[in-house]
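Residue-level listing of the chains:
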Amino acid sequence: MRRVLPEEKFITWFGGFYDERSIRNLEKIPVISDIEDYQIVHLVGLSFSRAWCMKSVAKVLPKGHSLKERLMNNAYRFIEKALPLVFSGNYGGDHWLASFALYSLDPWG
């Protein structure tokens, strides 16, 4: 929605779409129980995906918006937890996780 709505309309939509419970749910970092499991490793990708989306949304929220800083802080928390895992498993994750990591680190998001 951030990409299809004008900024002001997006901010209004965003405020009505997410409630506190939803935000708290998005803030939960996935538990990676087996980095070498080809399915579980996708949770590392989910962490990067959430980080880059949180950063992208936070960038368009106006200064002083109640979620701007919270989203950015959570994005960096996700990156901090996921980045060490990029090359810790096997081909099941290693061959694509680096691209997700780069998206999450992209300053232009």
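Here, the structure is the one placed above.
Everything numeric in this text was worked out from a predicted model, so none of it was measured. (Residues numbered from 1 in each chain as written. Predicted model: local features only at pLDDT ≥ 70, side-chain atom pairs only at ≥ 80, totals over all residues. Heavy atoms only, no water.)

1. Some points on the overall build of the chain
For the chain, the count of helices and strands is five helices and zero strands. Walking the chain from its N terminus toward its C terminus, one meets helices and strands in the order α-α-α-α-α. Projected onto its principal axes, the C-alpha positions of the chain cover 45 × 30 × 20 Å. Counting all 109 residues of the chain, 31% fall into the buried class. (Helix = DSSP H or I, 4+ residues; strand = E, 2+ residues; numbered from the N terminus. Buried < 20%, exposed > 50% of the residue type's maximum accessible area, 1.4 Å probe, protein only.)

2. Details of helix H4 (residues 68-82)
Taking 1.5 Å as the rise per residue, H4 with 15 residues should run 21 Å; its terminal C-alpha atoms sit 21 Å apart, in good agreement. Looking at the buried residues of H4, the elements they touch are helix H1 (7-17), helix H2 (20-26), helix H3 (42-60) and helix H5 (91-105). (Expected span 1.5 Å × (residues − 1). Contact = heavy atoms within 4.5 Å.)

3. Comments concerning the packing of H3 against H4
Two elements in contact, H3 and H4, have axes whose closest approach is 8 Å; the angle formed by their N-to-C orientations is 155 degrees. As judged from the angle between their axes, H3 and H4 are roughly antiparallel. The handedness of the crossing between H3 and H4 comes out as left-handed. Mapping the contact onto sequence places Val 44, Ser 47, Phe 48, Arg 50, Ala 51, Met 54, Lys 55, Val 57, Ala 58 and Lys 59 in H3 and Lys 68, Leu 71, Met 72, Asn 74, Ala 75, Tyr 76, Phe 78, Ile 79 and Ala 82 in H4. (Axes fitted to C-alpha atoms, helices over the stretch in contact; angles between N-to-C directions. Parallel < 35°, antiparallel > 145°, perpendicular 65-115°, else oblique. Left-handed = near helix turned anticlockwise from the far one by under 90°.)

4. Concerning the layout of surface pockets
Counted as a void, the largest pocket has a volume near 400 Å³. Taken together, 18 residues make up the lining of the largest pocket; nearest its centre are Phe 14, Tyr 18, Cys 53, Met 54 and Val 57. Elements supplying a minimum of two residues to the lining of the largest pocket: H1, H2 and H3. At eight residues, H3 tops the list of elements feeding residues into the lining of the largest pocket. Of the residues in the lining of the largest pocket, the class split is 13 nonpolar, two polar and three charged. (1 Å grid on protein atoms, 1.4 Å probe; cavity = no way out; pocket = protein on both sides within 12 Å on 5 of 7 lines; lining within 4 Å. Points joined across faces, edges and corners; volume = space filled by probe spheres on them. Nonpolar A, V, L, I, M, F, W, Y, C, P; charged D, E, K, R; others polar.)

Shape is all these values report; function is a separate question.
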